[in-house]
Amino acid sequence: MRIVLIGPPGAGKGTQAARLVERHGLLHIATGDLFRANVREGTELGRVAKAHMDRGDLVPDGVVVGMVVQALRVANDGFVLDGFPRTVPQAEALESELLATGRPLTAALALDLDDGIAVKRLTGRRALERRQDDDEMIVRRRLEVYHETTRPLREFYAGRGLLRVVDADASEDEVTARLEAALA
Ligand code: AMP
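Quick caveat, the model's predicted, so the values are computed rather than measured.

Observations concerning the pairing of strand β1 (residues 2-6)
Then, number 1: A large share of β1 lies buried, amounting to four of its five residues.
Then, number 2: Note that β1 and strand β3 (residues 79-82) share four bridges and pair parallel. Bridging across to β3, Ile 3 finds its partner in Val 80.
Then, number 3: Judged from the four bridges that link them, β1 and strand β4 (residues 107-112) form a sheet pairing that is parallel. When the bridges of β4 are listed, Leu 5 appears paired with Leu 109.

Quick word on the environment of Arg 151
Then, number 1: Position of Arg 151 relative to the elements: it lies in the loop between α7 (136-150) and α8 (153-158).
Then, number 2: Sequence separation of Arg 151 and Arg 86 is 65 residues, and the distance between their C-alpha atoms is 8.1 Å.
Then, number 3: When residues no more than four places from it in sequence are discounted, the contact partners of Arg 151 are Asp 112 and Tyr 146.

Structural notes on the packing of helix α2 (residues 31-41) against helix α3 (residues 44-53)
Then, number 1: Their axes nearest at 8 Å, the elements α2 and α3 cross at an angle of 115 degrees. Every pair of crossing elements has a handedness; the one defined by α2 and α3 is left-handed. Between α2, through Gly 32, Phe 35, Arg 36, Asn 38 and Val 39, and α3, the contact on the second element is made entirely by Leu 45, Gly 46, Ala 49, Lys 50 and Met 53.
Then, number 2: Residues that form the contact of α2 with α3 fall into these classes: five nonpolar, three polar and two charged.

Structural notes on the sheet that holds strand β5 (residues 163-167)
Then, number 1: Pairing within the open sheet is parallel, and its five strands lie in the order β2-β3-β1-β4-β5. The outermost strands of the open sheet, each flanked by one partner alone, are β2 (27-30) and β5. Taken pair by pair, the neighbouring strands of this sheet meet at an average axis angle of 20 degrees, ignoring direction.

About the thresholds
- Residues numbered from 1 in each chain as written.
- Predicted model: local features only at pLDDT ≥ 70, side-chain atom pairs only at ≥ 80, totals over all residues.
- Heavy atoms only, no water.
- Buried < 20%, exposed > 50% of the residue type's maximum accessible area, 1.4 Å probe, protein only.
- Helix = DSSP H or I, 4+ residues; strand = E, 2+ residues; numbered from the N terminus.
- Pairing = 2+ DSSP bridges.
- Contact = heavy atoms within 4.5 Å.
- Axes fitted to C-alpha atoms, helices over the stretch in contact; angles between N-to-C directions.
- Left-handed = near helix turned anticlockwise from the far one by under 90°.
- Nonpolar A, V, L, I, M, F, W, Y, C, P; charged D, E, K, R; others polar.

Laid out in structure tokens, this is it:
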């Protein structure tokens, strides 16, 4: 199974990706997590990414695509891409990489969530889960970026017959059940 998971910040991509990974034995590739690990380790990639992340903006396509292509090289039995692609050029780069290695996508799962609910969820994240970019101003910017550049990916994947939209305004277990149904 080769899956991309897209959705606005706060939709529960990380939680749901982890569950898909566990149930189906997939590799979890979360670009946000990879960037945060690089920031913690003080790498050059982390330095570049942090400047964008702190503003709620996207890291440039070239940087992200290079990182994902590297991660995909070790994904033999399938994967869940969590938070990638986020732009049409990223989706195109992914498509050519997967085509070149004979591994087309199984599905593009899109989580749907109202902005108001997303803001409430993120600004209310408990201390342990809270991230530096969960400040309300930055959350609003992340949502704006989502609507401008990521949501159009739904058309991209719909055109390829891969899109499955799932309403994420429900409990974590319910959303998992909806995703499993969408994959069945
Ligand atoms: P996330 O953990 O998926 O919410 O990502 C956190 C931040 O990392 C985003 O707000 C972006 O700044 C950056 N990021 C993660 N994935 C991507 C991507 N595919 N393209 C560009 N920037 C990304």
